[in-house]
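# Structural overview
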Amino acid sequence: MSRIPVIDFEDKEAETAASKLKRKTMDQPFVPIGMAGFFAAVAYGAYAHKNRGQMSTSIYLMRLRVMAQSVAVGSITLGAAYTLLKPFFPKEEGQK
């Protein structure tokens, strides 16, 4: 017969949100960069929509979509390049 594993949900050293964000940022540095790019594109989009002049909304939204896709593809490309080149970077003492 198989036994049901017991899971202890009360972790004595629970990770805070700030320490988890810091750990995730160190593991995958392009996630916060991509998030910052997203928020910058949204902020620019909101500002530019107000000041778009005679441009129709549909044309403006198409241009905004192209800009957002460019930010996404750029961050994916930088992340892939970083991952490929990471073995060639010198490691600091104290890292694995």
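See the structure shown above.
Residues numbered from 1 in each chain as written. Predicted model: local features only at pLDDT ≥ 70, side-chain atom pairs only at ≥ 80, totals over all residues. Heavy atoms only, no water.

Running from amino to carboxyl end, helix α2 (residues 30-50) crosses helix α3 (residues 57-85) at an angle of 165°, the nearest separation of the two axes being 10 Å. Overall, the two elements α2 and α3 adopt an arrangement that is roughly antiparallel. Along this stretch, α2 crosses α3, giving a crossing that reads as right-handed. Taken together, the residues of α3 that come into contact with α2 (itself represented by F30, G34, G37, A41, Y44, G45, A46, A48 and H49) are T57, Y60, L64, M67, V71, S75, L78, G79 and Y82. Taken together, the residues that form the contact of α2 with α3 break down as 11 nonpolar, 7 polar and no charged. (Axes fitted to C-alpha atoms, helices over the stretch in contact; angles between N-to-C directions. Helix = DSSP H or I, 4+ residues; strand = E, 2+ residues; numbered from the N terminus. Parallel < 35°, antiparallel > 145°, perpendicular 65-115°, else oblique. Left-handed = near helix turned anticlockwise from the far one by under 90°. Contact = heavy atoms within 4.5 Å. Nonpolar A, V, L, I, M, F, W, Y, C, P; charged D, E, K, R; others polar.)

This next bit is on α3. In this model α3 runs 42 Å from its N-terminal to its C-terminal C-alpha over 29 residues, within 8% of the 42 Å that 1.5 Å per residue would give. Residues Y60, S75 and G79 constitute the buried set of α3. Tucked into the core, α3 has its buried residues touching α2. (Expected span 1.5 Å × (residues − 1). Buried < 20%, exposed > 50% of the residue type's maximum accessible area, 1.4 Å probe, protein only.)

Attention now goes to the packing of aromatic side chains. By the definition in use, this model includes 1 aromatic pair. Ring geometry for Y82 and F89: centres 6.0 Å apart, planes at 35°, overall tilted. Residue Y82 is classed as partly exposed on the basis of its relative accessible area of 29%. On the basis of relative accessible area, F89 is assigned to the partly exposed category, the value being 41%. (Phe/Tyr/Trp six-rings, centres within 6.5 Å; stacked < 30°, edge-to-face > 60°.)

A few words now on the environment of Q69. The residue Q69 is located in helix α3 in this model. In sequence terms Q69 and F38 are 31 residues apart; their C-alpha atoms lie 9.7 Å from each other.

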